[in-house]
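Analysis of the macromolecular model
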Amino acid sequence: NGEVPFELKRINLDLVNKLMGQDTLKGQLQSRGKVAWFTDKPLQLNVAVEGNNIGVAQKLDYRTFKLDIPKLSVNADIQNNNLTLKSDINVQNQGRIGTDLKINDLSKGRQLGGTFTIEGLRLSLANQLFSSGESIDGEVVSRLSFGGNLEKPLLNGNFDIRNVKSKLKSLPFDVTDGQVAIRFNGTSSTLNGHVQTPDSKLNINGQANWANMDNWTAEVRAQADNFKVDIPSMAKLKVSPNVVVKASPKLLDLSGNVDIPWARIAIESLPDNAEPVNEDEVILNGPRKSKEELINRQFASETKSGMQIQSDLKIKIGDDVHLDAYGLKTNLDGLLSVKQDKGKLGLFGQINLKNGRYASFGQDLLIRKGQISFSGLPSQPMLNIEAIRNPEAMEDSKVTAGVKVIGMASSPQVTIMEDSKVTAGVKVIGMASSPQVTIFSDPAKSQDQALSYLLTGRSLENSGEAGSSGSVGAALLGLGLAKSGKVVGGIGEAFGIQDLNLGTAGVGDSSKVQVSGNIGKRLQVKYGVGLFDGLAEVTLRYRLMPQLYFQSVTSTNQVFDLLYKFEF
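Position numbers for residues count from 1 along each chain, tracking the sequence in the order it is written. In keeping with the predicted nature of the model, local features appear solely for residues at pLDDT of at least 70, side-chain atom pairs appear and are counted solely at 80 or more, and the whole-chain, interface and lining totals rest on all residues. Water and hydrogen atoms were dropped before computing side-chain values, which therefore reflect all heavy atoms in the structure.

Attention shifts here to the overall build of the protein chain. By definition, any uninterrupted DSSP run of H or I lasting at least four residues is a helix, any uninterrupted run of E lasting at least two residues is a strand, and each is numbered from the N terminus. If you tally the helices and strands in the protein chain, you get five helices and 31 strands. Residue contacts are defined here by distance: any two heavy atoms, one from each residue, within 4.5 Å place the two residues in contact. For the protein chain, the share of sequence-separated contacts (at least 6 apart) that also reach a separation of at least 24 residues comes to 39%.

In this scheme, patches are assembled from residues that exceed 30% relative accessible area and form no salt bridge. Like charges are connected within 9 Å, while nonpolar side chains (Val, Leu, Ile, Met, Phe, Trp, Tyr) are connected within 5 Å. Using a 1.4 Å probe, the Shrake-Rupley method yields the accessible areas, and only the shown protein chains count as cover for residues. Throughout this description, the term salt bridge denotes a Lys or Arg side-chain nitrogen within 4 Å of a carboxyl oxygen of Asp or Glu. Residues Tyr542, Leu544, Met545, Phe550, Phe560 and Leu562 make up a contiguous nonpolar surface patch of about 620 Å² in total accessible area. Elements represented by at least two residues in the nonpolar patch include exactly β29 (536-545) and β31 (558-564). Top element by residues in the nonpolar patch is β29. It accounts for three residues. Position of leucine 544 relative to the elements: it lies in strand β29.

Moving on: the pattern of salt bridges. The full count for this structure, using the stated rule, is nine salt bridges. With its nearest N and O atoms 3.5 Å apart, the salt bridge here joins aspartate 160 to arginine 162. Exposure categories follow from relative accessible area, calculated using a 1.4 Å probe and restricted to protein chains: below 20% of the type maximum is buried, above 50% is exposed, and the middle band is partly exposed. A relative accessible area of 5% means that aspartate 160 is categorised as buried. Taking the shortest distance from any N to any O, the salt bridge between aspartate 333 and lysine 354 comes out at 3.0 Å. Here the residue aspartate 333 occupies a position in strand β18 (residues 328-341), and lysine 354 occupies one in strand β19 (residues 344-360), the gap between them amounting to 21 residues.

Inspection of the secondary structure assignment puts serine 189 in strand β11 (residues 188-196). Once residues lying within four places of it in the same chain are set aside, the contact partners of serine 189 are Ile182, Arg183, Phe184, Gly206, Gln207, Ala208 and Trp210.

For a regular strand, the rule is simple: side chains alternate between the two faces of the sheet. We treat two strands as partners when DSSP finds at least two bridges between them. Looking at chain direction, β29 and strand β30 (residues 548-554) are connected through seven bridges and run antiparallel. Residue pairing across strands places leucine 540 opposite serine 552, the latter belonging to β30. The hairpin formed by β30 and β31 contains three residues between the paired strands.

We now examine the packing of aromatic side chains. We call Phe, Tyr and Trp rings a pair once their centres come within 6.5 Å, taking the six-membered ring for Trp, and we label the pair stacked below 30 degrees between planes, edge-to-face above 60, and tilted otherwise. Inspection of every chain in the model, using the stated rule, returns three aromatic pairs. Geometrically, the ring pair formed by phenylalanine 173 and phenylalanine 227 is edge-to-face, given 5.0 Å between the ring centres and 80° between the ring planes. Of this pair, phenylalanine 173 sits in the loop between β9 (153-167) and β10 (175-186) while phenylalanine 227 sits in strand β14 (residues 227-231), and the two are 54 residues apart along the sequence. The residues phenylalanine 173 and phenylalanine 227 share a single accessibility class, namely buried. Here, a charge over a ring means that NZ of Lys or CZ of Arg falls within 6 Å of the ring centre while also lying within 35 degrees of the ring normal. One cation-aromatic arrangement involves lysine 238 over tryptophan 262; the distance from NZ or CZ to the ring centre is 5.4 Å. Its guanidinium or amino end placed over the ring of phenylalanine 440, lysine 427 lies 5.1 Å from that ring's centre, counting from NZ or CZ.

When pLDDT is averaged along the protein chain, the result is 81; 78% of the residues meet or exceed 70. Within the model, the stretch residues 397-401 combines pLDDT values under 50 with eleven contacts to residues more than four positions away or in other chains. Within a predicted model, pLDDT stands for the predictor's per-residue confidence, ranging from 0 to 100.

Along the chain, tryptophan 216 turns up in the loop between β12 (201-209) and β13 (217-224). Each C-alpha atom of the pair tryptophan 216 and serine 188 lies 9.7 Å from the other, and the pair is 28 residues apart in sequence. What tryptophan 216 contacts, discounting residues up to four positions off in sequence, is Asn209, Trp210, Ala247, Ser248, Pro249 and Met307.

In this structure, β12 lies alongside β13, joined through eight bridges in antiparallel fashion. Across the sheet, the residue bridging to isoleucine 204 is alanine 222, located in β13.

In this structure, aspartate 253 sits in strand β16 (residues 251-267). A 3.5 Å cut-off defines polar contacts: any pair of N or O atoms within that distance qualifies, except that in protein one atom must be a possible hydrogen donor and the other a possible acceptor, and neighbouring residues in sequence count only when both atoms are side-chain atoms. Among the polar contacts listed, one links the side chain of aspartate 253 to the side chain of glutamine 310, at a separation of 3.2 Å. The contacts of aspartate 253, once residues within four sequence positions are left out, are Val244, Val245, Lys246 and Gln310.

Before going further, it helps to examine the environment of lysine 565. Among the secondary structure elements, lysine 565 is positioned in the segment after β31. Looking at lysine 565, the relative accessible area reads 46%, which means it is partly exposed. Between the C-alpha atom of lysine 565 and that of proline 546, which follows or precedes it by 19 residues, the distance is 8.8 Å.

Residues aspartate 442 and proline 443 are joined by a peptide bond in cis, for which omega reads 5°. Residues other than glycine seldom take positive phi values, yet asparagine 163 does so here, at roughly 50°. Since its relative accessible area comes to 42%, asparagine 163 is described here as partly exposed. Unusually for a residue other than glycine, serine 233 sits at a positive phi of about 60°. With respect to the helices and strands, serine 233 occurs in the loop between β14 and β15 (235-247). Residue classification places serine 233 among the exposed positions, given a relative accessible area of 76%.

So, about the environment of aspartate 40. Summarising the element assignment, aspartate 40 is placed in the loop between β2 (25-37) and β3 (44-60). Exposure remark for aspartate 40: the relative accessible area of 68% places this residue in the exposed category. Spatially, the C-alpha atom of aspartate 40 lies 9.0 Å from that of asparagine 1, the residues being 39 residues apart in sequence.

Spelled out as structure tokens, the structure:
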């Protein structure tokens, strides 16, 4: 038999910092208690720990998370083979965490009892981890009671996150009201909640069961109707998801449907950190992956805990989805299916380009056919694209002209017809890694003739004319100016001119170099000089209302227009 009472009047946490080699803790602790042992009954232990003005500082990336605990108390007592653990923690005067846990019959039955509570814990404690302009707030409240035993625990009570408001760069939407309510009923639980944004609402519900700890199950469903997502400098979307995530010890399964009825995707350029890796670059002490290995790379087939990952997600692109990227403006629609099984991620389906237009390097191409088909590897779609030069930019002198007369002899309807004979374009067919690009014309012409029509809108037979060489010059000039857009835009921003750009406009003899930019939110200014006639043209456009403009064009003549803009 024996008994040892003890008291530690001051434990400076700087000692712990020295042992850990870190400066994370501050403050002092006091402890007292007693331990006793006997030959005829179990061990007895009583320990009380108290702390005042405890501080924790943990470095996370380039920021430090600091947490003050003005008051802390922990009491542990073992008597007659039973354990009682009580704690009370004041978290920075913005919430309290309390525990009153009991385990009876420690050597055999280990019966659970007691409660766990969280009172008014504020999410704003995390604001110190965010950058300027970001914030989160809300309240965590919980009261749980324990039952059963350690092998088959029973949990009853609630865990609630209330009145969440957030504005984070990592989230593509702001949260004006978020609620999560979890109800525990013995060996099962239910989840209900929602995320409210200024424009839409996402509903979340789910359930879990752990009656058999070796075969527990969990399921969460997310559903919304036209949930608005805003990805800065890239896209605005309205998404209608109906997605289910199911989990068990051996499987993580994602399935459901995601409809995108509306989207506006605008990509001016890749971010600066998206530079491609040079094929000559070798990572020391690491395997070098070939291009084929990168294309055919597999994704993780299981989680760190050993759950197999499986997915079957259908994505429907609606009729009001518009893409504006790298000179391509087009509407999109289609249906895709995302499937993952045993680490292989497959993408199946087709995306169609509708009413597409591609403007780059001084060319203006209309997309007559645009199909991107996926049959497995996401990085290797099949392309079937056909684009033609804008007929309005064709200056072929070979046209069919005539008069159409329809109606009674006394009052016939006379129509003058003019039909361009030549259509020139480019076809792109094949896998994305090695597509076959073909220049074509209708009616069929030689490749050099078709290329001349595509680049200049004219036949090689007219090469002796100044306008023809001018068309080639305009095309080459457009090629050079297209590469200077970012530099010119930066110069404009330095002088307070928004969206300043330098490019070409017009075709053939009417081609001109044009500078345009916005001064303020309402006034747009354009200045152009003809490549071949040397005439200058100044255009001022002022926005009177969201769709109503007043425009003045000054050149050899002075023109005033009132413009109304609409889309259909």
